[in-house]
Amino acid sequence: LMYNDDTVFAHLTPPKDGLCRVHDLPIETLADIFVCVRNACLVDEIEHATPGWVSSLTHTCGRWRDVTLGCQELWAILPMHMSLAWQQAFIERSGNAAIEISLDFPSLDKYPAEITQHRTSTTLSMVRTQLWRTNVLWLLFNCNNSVDSHPDWPQLLVEPAPELRALKLDARDSRALELPE
């Protein structure tokens, strides 16, 4: 960890034996370290996988698990390639923290249409209920389908999003994405 302000570590007392143990770190410092670990692991292309940092931090020891589950900021970035169940877990665990959401609208030929439509509808409903605290929203479309394949997504553009600082609409291929009127 690199901090410009030495006062961050002012509350730490040097150990008597000169050794610094991770277990002796205050919860706040440990949480800061865990956020750095999460940030280093944000790019995870494995579809529907649990982000690697989650398993590493929650399965090391009981203290790390408690700190990880209690740190809302850790759960405030929803990676694109998570399952719906993990997206919902991240939303729940992030509490009221400002969140960053990345959504990948799947290709219709990848899964049966019913599954794709159910997942898309459920995800969009979840996002709509969280727009009040969303500060980054990234929508990635697979343009092998028509944008009409996901008719509910434009509803996100009419919902109030008072904390929104960045909106990114992207397409997997070079074809243009048309915005609704």
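Bear in mind that the values here come from a model prediction, so they are computed numbers and not experimental data.

> What's the story with the confidence of the model for the protein chain in this structure? I'm lost.
Detailed reading of predicted coordinates is not advised where the pLDDT is low. Of all residues in the protein chain, 74% have pLDDT values of 70 or greater, and the mean over the chain is 80. Mean pLDDT values for the elements of the protein chain range from 82 in helix 5 (residues 113-130) up to 95 in helix 3 (residues 62-70).

> I would appreciate a short explanation of the sheet that holds strand 2 (residues 99-105) in the present structure.
Each strand in a sheet pairs with its neighbour through backbone hydrogen bonds, running either in the same direction (parallel) or in the opposite one (antiparallel). As summarised here, the arrangement of the four strands in space is 1-2-3-4, forming an open sheet in which the pairing is parallel. Of all strands in the sheet, those bounded by a partner on one side alone are strand 1 (77-78) and strand 4 (166-171). The pairing of strand 1 with strand 2 spans two bridges and is classified as parallel. Along strand 2, the bridge assignment pairs isoleucine 77 with glutamate 100. Strands in contact with helix 5 are strand 2 and strand 3 (134-141); relative to strand 2, the strand with the most contacts, it is inclined by about 160°.

> Please explain the pattern of salt bridges as it appears in this structure.
Opposite charge on two side chains permits pairing when their charged atoms draw close. Counting across every chain of the model gives two salt bridges. Two residues, glutamate 163 and arginine 165, come together in a salt bridge whose shortest N-O distance is 3.7 Å. On the accessibility criterion, arginine 165 (61% relative accessible area) is exposed. The salt bridge partner of aspartate 170 is lysine 168, with a shortest N-O separation of 3.5 Å.

> Can you help me understand the environment of lysine 168 in this one?
Inspection of the secondary structure puts lysine 168 in strand 4. According to the relative accessible area criterion, lysine 168 is partly exposed, its value standing at 43%. In this structure the C-alpha to C-alpha distance between lysine 168 and leucine 139, which are 29 residues apart in sequence, comes to 6.2 Å. Here lysine 168 is in contact with Leu137, Trp138 and Leu139, once residues within four sequence places are set aside.

> Is there a simple way to explain the packing of aromatic side chains in this structure?
Any pair of aromatic rings gets described here by the distance separating the centres and the angle formed by the planes. For the structure on display, the rule yields five aromatic pairs. Relative to phenylalanine 90, the ring of tryptophan 75 lies with its centre 4.9 Å away and its plane at 85°, an arrangement referred to as edge-to-face. Taken together, the positions of tryptophan 75 in the loop between helix 3 and strand 1 and phenylalanine 90 in helix 4 (residues 84-93) put the pair 15 residues apart, joining distant regions of the chain. For the residue pair tryptophan 75 and phenylalanine 90, the accessibility class agrees, reading buried in each case. Members of the aromatic cluster, joined through ring pairs, are Trp53, Trp75, Trp86 and Phe90. Directly above the ring of tryptophan 75 sits arginine 93, whose terminal nitrogen or CZ lies 4.7 Å from the centroid. Positioned above the aromatic ring of tryptophan 138 is the side chain of lysine 168, whose terminal nitrogen or guanidinium carbon lies 4.6 Å from the ring centre.

> I'm lost on the packing of helix 1 (residues 27-40) against helix 3 in this one. Help?
The relative placement of two packed helices comes down to the angle between their axes together with the axis-to-axis distance. Interaxial distance between helix 1 and helix 3 falls to 10 Å at its minimum, and their mutual angle equals 75°. Taken together, the axes of helix 1 and helix 3 lie roughly perpendicular to each other. Note on element contacts: helix 3 touches helix 1 through Arg63, Trp64, Val67 and Thr68, opposite Ile27, Leu30, Ala31 and Phe34. Its residues placed into classes, the contact of helix 1 with helix 3 shows six nonpolar, one polar and one charged.

> How should I be thinking about the packing of helix 4 against helix 5 in this particular structure?
Where helix 4 contacts helix 5, the axes come no closer than 11 Å and their chain directions differ by 10°. Taken together, helix 4 and helix 5 sit at an angle that is classed as roughly parallel. For the pair helix 4 and helix 5, the contacting residues are Leu84, Gln87, Gln88 and Ile91 in the first and Arg119, Thr122, Thr123, Met126 and Gln130 in the second.

Conventions we followed
- Residues numbered from 1 in each chain as written.
- Predicted model: local features only at pLDDT ≥ 70, side-chain atom pairs only at ≥ 80, totals over all residues.
- Heavy atoms only, no water.
- pLDDT = per-residue confidence, 0-100.
- Helix = DSSP H or I, 4+ residues; strand = E, 2+ residues; numbered from the N terminus.
- Pairing = 2+ DSSP bridges.
- Contact = heavy atoms within 4.5 Å.
- Axes fitted to C-alpha atoms, helices over the stretch in contact; angles between N-to-C directions.
- Salt bridge = Lys/Arg side-chain N within 4 Å of Asp/Glu carboxyl O.
- Buried < 20%, exposed > 50% of the residue type's maximum accessible area, 1.4 Å probe, protein only.
- Phe/Tyr/Trp six-rings, centres within 6.5 Å; stacked < 30°, edge-to-face > 60°.
- Lys NZ or Arg CZ within 6 Å of the ring centre and 35° of its normal.
- Parallel < 35°, antiparallel > 145°, perpendicular 65-115°, else oblique.
- Nonpolar A, V, L, I, M, F, W, Y, C, P; charged D, E, K, R; others polar.

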